[in-house]
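# Report on the structure
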Amino acid sequence: MTQVVQETFSPSPPAPEPGKRDWLKYFSFTTDHKIIGIQYLVTSFVFYLVGGFLATLVRTELATPESDFVSREVYNGLFTVHATVMIFLWIVPAATGAFGNYLLPLLIGARDMAFPKLNAVAFWMIPPAGALLLASFFFGAPASGWTSYPPLSLMVNKVGEAIWIMSLLILGTSSILGAVNFLVTILMMRAPGMTLNRMPLFCWAMLATSALILISTPVLAGALILLGFDLLVGTAFFNPTGGGDPVVYQHMFWFYSHPAVYIMILPVFGLISEILPVHSRKPIFGYKAIAYSSFAISFLGLIVWAHHMFTSGTPPWLRMFFMINTMIIAVPTGIKVFSWLATIWGGKLRLTSAMLFAMGFVSMFVIGGISGVMVAAVPFDIHVHDTYFIVAHLHYVLFGGSVFGLYAGIYHWFPKMFGRMMNEKLGQLHFVLNFIGFNLAFMPMHKLGLEGMNRRVAEYDPKFATLNLVCTIGTYILASSTIPFLINVVWSWTKGEKAPSNPWQGLTFEWMTTSPPPAENFAVDPVFTIGAYEYGTEEAREAIAAGPVLAMAPSASHG
Amino acid sequence: MQGSTVDSSQPIVDFHHTSGVDHGHHGHPDHRIMGIIVFLVAEAMIFLGLFMAYLTFRAVAPTWPPEGTPRLELLLPGINTVILIASSFVIHNGDTAIKKNDVAGLQKWFGITAAMGAIFLVGQLYEYFHLEFGLKSNLFASTFYVLTGFHGLHVLFGLLLILGVLWRSRKAGHYSSTQHFGIEAAEIYWHFVDVVWIVLFFLLYILG
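These numbers were taken from a predicted model, which means no experiment stands behind them. (Residues numbered from 1 in each chain as written. Chains lettered and ligands numbered in written order. Predicted model: local features only at pLDDT ≥ 70, side-chain atom pairs only at ≥ 80, totals over all residues.)

## Details of the overall build of chain B
Keep this limit in mind: A run of DSSP states H or I qualifies as a helix once it reaches four residues; a run of E qualifies as a strand once it reaches two. Both are numbered from the N-terminal end. To sort residues by burial, count the other C-beta atoms lying within 10 Å of each one's C-beta; a count of 20 or more means buried, 12 or fewer means exposed, and anything in between means partly exposed. C-beta atoms are built from the backbone. Two residues qualify as being in contact provided that their C-beta atoms, derived from the backbone, are within 7 Å of each other.
A count of helical and extended segments in chain B gives six helices and zero strands. Counting the 208 residues in chain B, one finds 35% classified as buried. Pairs at least 24 apart in sequence give 77% of the contacts found in chain B among residues at least 6 apart.

If you want it as structure tokens, here you go:
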């Protein structure tokens, strides 16, 4: 049988020499999941830089209590577009699109996604949608926050708001098409022997994430369609002056946007579950607990949305329901965190850049998780609603969590993606600046919020001035931490040391093929032989020593 | 679009087939039907979201439908409902026919389905033009038009799929008992649109 396979696939071109690669393919409508993954990663990172630039402008405005750097109207546009870009054009496409596309087929031993062309379509919806969103600055940017609550969103900067709706509808469609692809790929295309309970944990995370995307994103689309009618046609679905109900929008919006938090963090949980065992040289602790807790989080994540609406007239009995559900989410999340800690406990830790970011992820995410339980409590939430405490909480989850995890993923898989090692010294500098800048920027916001500083305002009481200046300085450090990273990427991509097939001695399929993998990933059919996390065993040592066996022709591997 | 999807997924399908490890019992292992079904989950959720919005508007409003809303005529939409439900059975005959390699039968049943779908759409438009309220009359009117309109767009898309199948079936050998993904996809989609209409009819016309 292997002979037949080899004959069928021998024409597939071998991995091109790094450095001689044809870079134009990154701009083409390719169906190769690896290139699409890199397209997602680079595109979303560009948007991350844009979003970061907007954040720097926001913090510059907030360096002083007066509205002196930009006008209030521009300020509203800045934070609205900052949040929209970071959520819909950076974290969601990077966590699901980039790593999902690049890693899933490799991890399960498939040659591509189930629907490669659909995959390319989903990617190519993102650049125009992003360009559309940024173009809104020329017409008056959307200025009602990324939540776009009516009636405010129906009253200010209508053109920008319409562009915002259009852009989000495109991005949502892209996300749904991607989820269809991930789900079918994971369920149907696994290598022989790889049962669901043997899948690497990132696959479990993507399964749970894709289910969430499929269930929640369409409801946001529904809300946006109705909002668009209110805005452009003049209906009154959400407009109280015409008999509509703005709270219905909030329900529909948060029915997506709370699960969106998990859409942005579950894939990163998956990345961390892959990275920690490799750099600790230990089996993952609690495989099934980590795998199934993703589903617990997904399910619970769908029935907690109104905790964003405790101050929107939600009746007290309903608040109790959502408060308790929200707090229960801490249980499956805690299971993951303790499993990760148990994984690295007593391991032979290698403090690579990837590992630093992964451990940074765990510690920072826990802070965001704990403040999450705090704001789940109704009485506390009513006190801190729409204050900087919320801003601090969400950035610890989304930056300290998702972004740290995405950086860990980039450092870990960069050698596989581009066939070059990244520079560790620059990586460590990046981590240190990132860690200090991040905490300096966001830790003081907890205190600001508790003292009553409102979010989404360009001016504030002078008594908050000192801490705000600290936040702004932290932001500048955070922004500057990107410079060593960018230098590292550009330098490593072009001139870096050539990466071996398995630089971290990993056990998943992607490390058993060349760096970068050939066009169809493997020259032989991968068959599940050794668990993804069985570090420390004799079989693991043999498998790692064997080199890129999956990229060798069958005759060669049989000796 | 559909044709191109076929081509792109072909190598993978072949690969799995050659390796002979999975789908061994199935003549044509491809995952497109599953992809359609998974996609329809998302479609169902957008309708569910809109239905829940409607139910919430209805529950929160002091009177529903708002005062001054004329009652909806039931005769024409009732006939339309019967036609659409019946068409789901008709289209299934087409699927049965192609599984017996009967292309003429497929064309007959899909042709009838297309005609029924077109009648439904024309009936819908006729109703729109004779209603006493417009899109912006009140909250009920707005939800009525957006829900039926959004469903109508889905009927239109399903109709286009069916017409696409009919167009392609002119070429001999394009569809056969072993190769009929497009037919199955159109049928599944048509059933979905049908089920959505039943819920919608209940919510808007019966429940009011």
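## Some thoughts on the overall build of chain A
Looking only at helices and strands, chain A has 20 helices and zero strands in total. Expressed along its principal axes, the backbone C-alpha trace of chain A runs to roughly 75 × 45 × 45 Å. The burial tally for chain A puts 58% of its 559 residues in the buried class. A sequence separation of at least 24 residues applies to 84% of the contacts in chain A between residues at least 6 apart.

## What to know about the nonpolar core
All names here are of chain A. The test is simple: In these notes, a nonpolar core means any group of buried Ala, Val, Leu, Ile, Met, Phe, Trp, Tyr and Cys residues linked to one another through C-beta atoms within 7 Å.
Core analysis: the biggest nonpolar cluster contains 231 residues, and I108, C203, I272, F357, A358, F361 and A408 have the highest contact counts within it. Among the elements that make up this core, the one with the highest residue count is helix α3 (residues 72-108) (23 residues). Contacts of C203, omitting those with residues within four sequence positions, involve L104, L107, I108 and I186.

## Remarks on the packing of helix α13 (residues 353-376) of chain A against helix α15 (residues 388-418) of chain A
Residues and elements named next belong to chain A. Counted only if it meets this: To define axes, lines are fitted to C-alpha atoms, for helices over the stretch in contact only, and angles between the resulting N-to-C directions are given on a 0 to 180 degree scale. An angle below 35 degrees is treated as roughly parallel, one above 145 as roughly antiparallel, one from 65 to 115 as roughly perpendicular, and anything else as oblique. Less than a right angle of anticlockwise turn of the near helix away from the far helix marks a crossing as left-handed, whereas a clockwise turn marks it as right-handed. The classification used treats Ala, Val, Leu, Ile, Met, Phe, Trp, Tyr, Cys and Pro as nonpolar, Asp, Glu, Lys and Arg as charged, and all other residues, Gly among them, as polar.
Running from amino to carboxyl end, α13 crosses α15 at an angle of 160°, the nearest separation of the two axes being 8 Å. When the interaxial angle is binned, α13 and α15 end up roughly antiparallel. Of the two possible hands of crossing, α13 and α15 adopt the one that is left-handed. Tallied by class, the residues present in the contact of α13 with α15 amount to 16 nonpolar, 10 polar and no charged.

## Here we look at the interface of chain B and chain A
Chain B puts 32 residues into the contact, and the matching count from chain A is 38 residues. Where the side of chain B that touches chain A is concerned, the elements lending two or more residues are α1 (2-19), α2 (32-60) and α5 (139-169) of chain B. Broken down by element, the residue count for the side of chain B that touches chain A peaks at 14 residues, all from α2 of chain B.

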